[in-house]
Amino acid sequence: MEHIDNRLVDIEIKLAQQEDLVDTLNKTVYEQSRRIDTLEAMIAKLAEHVRNNMHSGPNTILNEKPPHY
């Protein structure tokens, strides 16, 4: 009977560890998803900025010579 009790305790410990691991992984996935959403929004804004300034003419900041010239 003691052997069965020990096995049950081992199974409960493993289950608790797995639940903790799943919680940690869920938090990690959530945080990564949030960061991906932020980065996608930044890329969209950057792409829009580039599109809006692509044909702004030769006097744009993109075409200016650096100060050391």
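Residue indices begin from 1 for each chain and proceed along its sequence in written order. For a predicted model such as this one, the threshold for reporting local features is a pLDDT of at least 70, and the threshold for listing and counting side-chain atom pairs is 80 or more; totals across whole chains, interfaces and linings nevertheless cover every residue. Based on all heavy atoms of the structure, the side-chain values leave hydrogens and waters out of the count.

Caption draft 1: Expanded view of the overall build of the protein chain. Counting secondary structure elements, the protein chain contains one helix and zero strands. With a 1.4 Å probe rolled over the protein chains alone, any residue whose accessible area is under 20% of its type maximum counts as buried; one over 50% counts as exposed, and the rest are partly exposed. Burial status across the protein chain gives 1% buried among its 69 residues. Each accessible area is a Shrake-Rupley result for a 1.4 Å probe, and residues are judged covered by the shown protein chains and nothing else. Carbon and sulfur atoms make up 59% of the accessible area of the protein chain, which totals about 7,000 Å². Secondary structure is summarised from DSSP: a helix means a run of H or I of at least four residues, a strand means a run of E of at least two, and numbering begins at the N terminus for each.

Caption draft 2: Representation of the pattern of salt bridges within the structure. The rule for a salt bridge is simple: a side-chain nitrogen of Lys or Arg has to be within 4 Å of a carboxyl oxygen of Asp or Glu. Counting across every chain of the model gives one salt bridge. Between Arg34 and Glu31 there is a salt bridge, and its shortest N-O distance comes to 2.7 Å. In this pair, Arg34 and Glu31 both sit in helix H1 (residues 2–53), three residues apart, roughly one turn of the helix. Owing to a relative accessible area of 33%, Glu31 belongs among the partly exposed residues under this scheme.

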